Amino acid sequence: MNQQPAAPAASAAHRNLLTDHPELYELRFPDPGFTAARWAESVLREHGAGPDLLDLGCGTGRDAGWLHRAAGYTVTGLDTSPAMVEYAREHHPGPAYHVADMRTFELPERFDAALCLDSALLYCHTNAHLDAFFGRLLRHLRPGGLLIAELRNGAFFLGRTELLDVPRLDSVTHDGVTHTSRTVLRIDRAAQLLRRTRSWASDDGGPPVEQHSAWRLLFPQELRHLLAVHGFTVLALHDGPGPRTEPRWTDGDRPAETADTADTADTADGDRLHLVARLDSRARKRS
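Quantities reported herein were computed from a predicted structural model and do not represent experimental measurements.

Participant: Explanation requested: the packing of helix H3 (residues 35-46) against helix H4 (residues 62-69) in the structure shown.
Facilitator: Each pair of packed helices gets described by two things: the angle between the helix axes and the distance between those axes. Two elements in contact, H3 and H4, have axes whose closest approach is 9 Å; the angle formed by their N-to-C orientations is 55°. One element, H3, and the other, H4, form an angle in the oblique class. Handedness of the H3/H4 crossing: right-handed. Each of Ala 36, Ala 37, Arg 38, Glu 41 and Leu 44 in H3 lies in contact with H4, whose residues at this interface are Asp 63, Trp 66 and Leu 67. Considered class by class, the residues forming the contact of H3 with H4 number five nonpolar, no polar and three charged.

Structure (C-alpha cells):
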C-alpha cells in the first residue's frame, strides 16, 4: 500500500522565523551601507524636519540606530515583536524602543516626523486600521510634522503578474545552519491584500515553519485621499528611486523628472511608493 508523506508538524505552522530570530532578518535582508536610513535622512533634511523622530515598525532597529548615531536625531522606535525590540536595544542602542502596535500606541512625547519604512504601513489591513493609524499620528505629531513612508505600490499589480503565484527560493546561513525559504505571493482582491505564504526548511533536521502574512494594497490616489481626510498635505508621492528600488537610491538622487517639466514626476509604475506628507497645523485641533 502506498503511504502519503507525513504532514508538517502542526506546532511549527504560522510562526515567523525572521521575526522570532532578528539576526536572521538582518542576514536575509542586508543593508551594510544603511541605504534605507540614509534615504530617510535625506528626505528629512530636504523637508526641514526637526530632531525628534518616531520610527513605526522599527524592526531590528537598524535604521533607527543609524539615524540616532550618525545623523544625530532623537529617535523612538515601535514594533509589535518583543524579539525585534530586544534585539534593537542590544545591537542598535541609542533610541528608545517600545513594544507597541502602530494602531493603538500612546506615548507622552510629540514628534517632528514619523517614519514608516519597508511597507510597515501596509500591515494596517482594513480601512478601520488605517483610520486608527492616522489617528495615532494626529495625536503624536507636532503641527507641521512629516510622515515619510516607503511601501509596496498597489498600482504595480494592475495587469502585472510577474511577482505572483511563482515560488521564490532564498537561503540564509547562521551558526552553521542553512535556512531555505519558499515564498509565494497572491492577491486577495476582495480584501485588497497581497498575501504571502513563506515556508522554511532548515538543514539541521528541525521542523518546517510556515508563515502567513499580508500587506494592504493601496493605490496612489487612494493614499492621497486618506492623507487629505486626516489632515495631511502630500509633498511627494513617487515610485523612485528609493532604498529598495532597482536601481537603488544613492546619495544625491532625486525622483526622475518628466521630459516636459522641471517638476518632479509623480510616477507610480514601479513596485514601491515613496511618500512625504505634512500634517496641517489645524489637523490636531480637529482630532
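Participant: Could you clarify how one ought to interpret H3 in this entry?
Facilitator: Each α-helix turn comprises 3.6 residues. Residues three or four places apart therefore point the same way. In a regular helix each residue adds 1.5 Å, so 12 residues correspond to 16 Å; H3 covers 16 Å between its end C-alpha atoms and thus fits that length. The buried fraction of H3 is high, at nine of 12 residues. If you check which residues of H3 are buried, you get Thr 35, Ala 36, Ala 37, Trp 39, Ala 40, Glu 41, Ser 42, Val 43 and Leu 44. Turning to H3, the residues buried within the fold contact strand S1 (52-56), H4, strand S4 (111-116), strand S5 (141-152) and strand S11 (272-279). Count one or two residues on from H3 and you reach Gly 48, which has phi positive near 65°.

Criteria and cut-off values
- Residues numbered from 1 in each chain as written.
- Predicted model: local features only at pLDDT ≥ 70, side-chain atom pairs only at ≥ 80, totals over all residues.
- Heavy atoms only, no water.
- Axes fitted to C-alpha atoms, helices over the stretch in contact; angles between N-to-C directions.
- Helix = DSSP H or I, 4+ residues; strand = E, 2+ residues; numbered from the N terminus.
- Parallel < 35°, antiparallel > 145°, perpendicular 65-115°, else oblique.
- Left-handed = near helix turned anticlockwise from the far one by under 90°.
- Contact = heavy atoms within 4.5 Å.
- Nonpolar A, V, L, I, M, F, W, Y, C, P; charged D, E, K, R; others polar.
- Expected span 1.5 Å × (residues − 1).
- Buried < 20%, exposed > 50% of the residue type's maximum accessible area, 1.4 Å probe, protein only.

Keep in mind that these numbers describe shape and distance, not what the molecule does.
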